[in-house]
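Listed below are the residues making up each chain.
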Amino acid sequence: MSEFDPREVIDAVFPEDEKVNKAFQDVRDINEIIIEGGFDGEEGHLRALINECEGLLPFLGSVVTMSGKVIYFKFTPEDQETIVAKQVTINEAPVLAKGFAAMTLGDDTAEQYGHTFSFDMRQDGLVSPPANKSVPQFIGWARLDEVHIKPRDDNRYDIQEYLQTYVPEVLEDLDDRLLNTKNEVDALNALGGFGLSHGPVEDVDTQRNMVESYTNVLLEFDKVIPYSALVKGPIHIMDSDGDITATTIVDGWESALVVPSHVKMIPKFIYGQGSKPRFSKEVSIPALVADIHEVKNGIYEQKYITAGIPLGVNFIIRSNASNITEIEKPE
């Protein structure tokens, strides 16, 4: 990795972000006071100061790209005393930012606050964000001015890297379904029947989020003209946060106009098999999150509802980009 002054790089990344610069400088000041023995307050007061600094970080709890000198150790919460830390130099490694934490370095008697983060690592050394945020493989720590942290948005490469690492068969299935579709309607039809089986994985949300992100990168909806649709079966009503608040079941085909937003992975809803309707914890399926207008289900009187419509044989959609489309109801 080429030599650089991390502080200069940080300043270049955040040239006008006064909050981030203030947080870093405040933690530097706290470290200097601790090292000089000038802090005589209680530990709770010091932690409160650090929490204030963390509150200024826009990337707290998010994946960031980190470069520089870091110390890391295996995450074994039941036996912290036997951990042997290692110091390495990394270059643009994707890690999960966890805020600031104290560490005693070498023979120093005073703790210093620095960046803390978590990540997983394959046998070949490839670093990736932790598949399970609460049980990562490794915890890391770095001095403020020895690393370059670059906030980053999910992009197609990062998502592909995660899917290829943890669920390569899912990535292959999605590629087979989506890469050769002609438009967004074909893509939605191709997703019908897709299911994500989670197995023993604890952090199901990460898998869902990665599949959602990869899918939505390949979709672009026309949000000016509503799409024509036919719906039946379960429709999941959603709140402004995207959480399912209720489910209604449309018995027969009903016409509707929909304004799509995005595809969301939701637990599979199982009903109509003699048992009480329920959401499956083992399987997630894609649903189109959309504002639904003029659906005649006899329950909702609003002009539209925001809902997740499971993709598959119970959902037919047509584009109205050229003209209003009449969809003939299946027999």
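Residues numbered from 1 in each chain as written. Predicted model: local features only at pLDDT ≥ 70, side-chain atom pairs only at ≥ 80, totals over all residues. Heavy atoms only, no water.

**Here we look at the overall build of the chain**
The secondary structure content of the chain amounts to seven helices and twelve strands. Buried residues in the chain amount to 42% of all 331 residues. Counting contacts in the chain only where the partners sit at least 6 residues apart, residues at least 24 apart contribute 64% of the total. Entry remark: accessible area of the chain is about 18,400 Å², with carbon and sulfur atoms responsible for 47%. (Helix = DSSP H or I, 4+ residues; strand = E, 2+ residues; numbered from the N terminus. Buried < 20%, exposed > 50% of the residue type's maximum accessible area, 1.4 Å probe, protein only. Contact = heavy atoms within 4.5 Å. Areas by Shrake-Rupley, 256 points an atom, 1.4 Å probe, with all protein chains shown as cover.)

**Comments concerning the pairing of strand S2 (residues 86-103)**
Examined bridge by bridge, strand S1 (residues 63-74) and S2 share nine bridges and lie antiparallel to one another. Within S2, the position partnered with Gly68 by the bridge is Ile90. The pairing of S2 with strand S3 (residues 112-121) spans seven bridges and is antiparallel. For Phe100, the partnering residue across the bridge sits in S3 and is His115. (Pairing = 2+ DSSP bridges.)

**Comments concerning the pattern of salt bridges**
Within this structure, the stated rule accounts for five salt bridges. Of the charged contacts, one joins Arg143 and Glu146 as a salt bridge, the two residues approaching to 3.6 Å between their closest N and O atoms. Using a relative accessible area of 29% as the deciding quantity, one classes Glu146 as partly exposed. Between Asp173 and Arg177 there is a salt bridge, with its nearest N and O atoms 2.9 Å apart. Here Arg177 and Asp173 lie together in helix H5 (residues 168-178), a separation of four residues that amounts to about one turn. (Salt bridge = Lys/Arg side-chain N within 4 Å of Asp/Glu carboxyl O.)

**Brief notes about the side chain of Glu212**
Tracing the backbone through its elements, the reader meets Glu212 in helix H7 (residues 204-217). Although Glu212 lies buried, it forms no salt bridge, and the closest oppositely charged side chain, Lys264, sits 4.3 Å away as judged by the N-O distance. Not counting the four nearest positions on each side in its chain, Glu212 is found in contact with Val263, Lys264 and Met265. (Lys, Arg positive; Asp, Glu negative; His and termini not counted.)

**A short note on the side chain of Asn320**
Turning to its location among the elements, Asn320 is positioned in the segment after strand S12 (315-318). We classify Asn320 as buried; its relative accessible area is 3%. Within the structure, the side chain of Asn320 is placed 2.6 Å from the backbone oxygen of Pro226, a separation counted as a polar contact. Side-chain polar atoms of Asn320 contact the side chain of Ser228, separated by 3.0 Å. (Polar contact = N/O pair within 3.5 Å; in protein donor to acceptor, adjacent residues only side chain to side chain.)

**Brief notes about H7**
In this model H7 runs 20 Å from its N-terminal to its C-terminal C-alpha over 14 residues, within 8% of the 20 Å that 1.5 Å per residue would give. For H7, the complete set of buried residues consists of Val204, Thr206, Gln207, Arg208, Met210, Val211, Glu212, Tyr214 and Thr215. (Expected span 1.5 Å × (residues − 1).)

**With respect to the confidence of the model for the chain**
Mean pLDDT over the chain stands at 79; residues scoring 70 or higher make up 78%. When the elements of the chain are averaged for pLDDT, helix H1 (residues 6-13) gives the smallest value, 48, and helix H6 (residues 184-191) the largest, 92. Within the model, the stretch residues 297-301 combines pLDDT values under 50 with seven contacts to residues more than four positions away or in other chains. (pLDDT = per-residue confidence, 0-100.)

**So, H6**
Those residues of H6 not exposed but buried are Glu184, Val185, Ala187, Leu188 and Leu191. All buried residues of H6 fall inside an arc of 160 degrees around its axis, so they share one side. Here the buried face of H6 lies against H5, H7, strand S8 (227-238), strand S9 (244-270), strand S10 (278-293) and S12. Structurally, the start of H6 carries an N-cap: the backbone nitrogen of Val185 is 3.1 Å from a side-chain oxygen of Asn183. The first or second residue beyond H6 is Gly193, which carries a positive phi of 95 degrees. (Arc of directions from axis to C-beta.)

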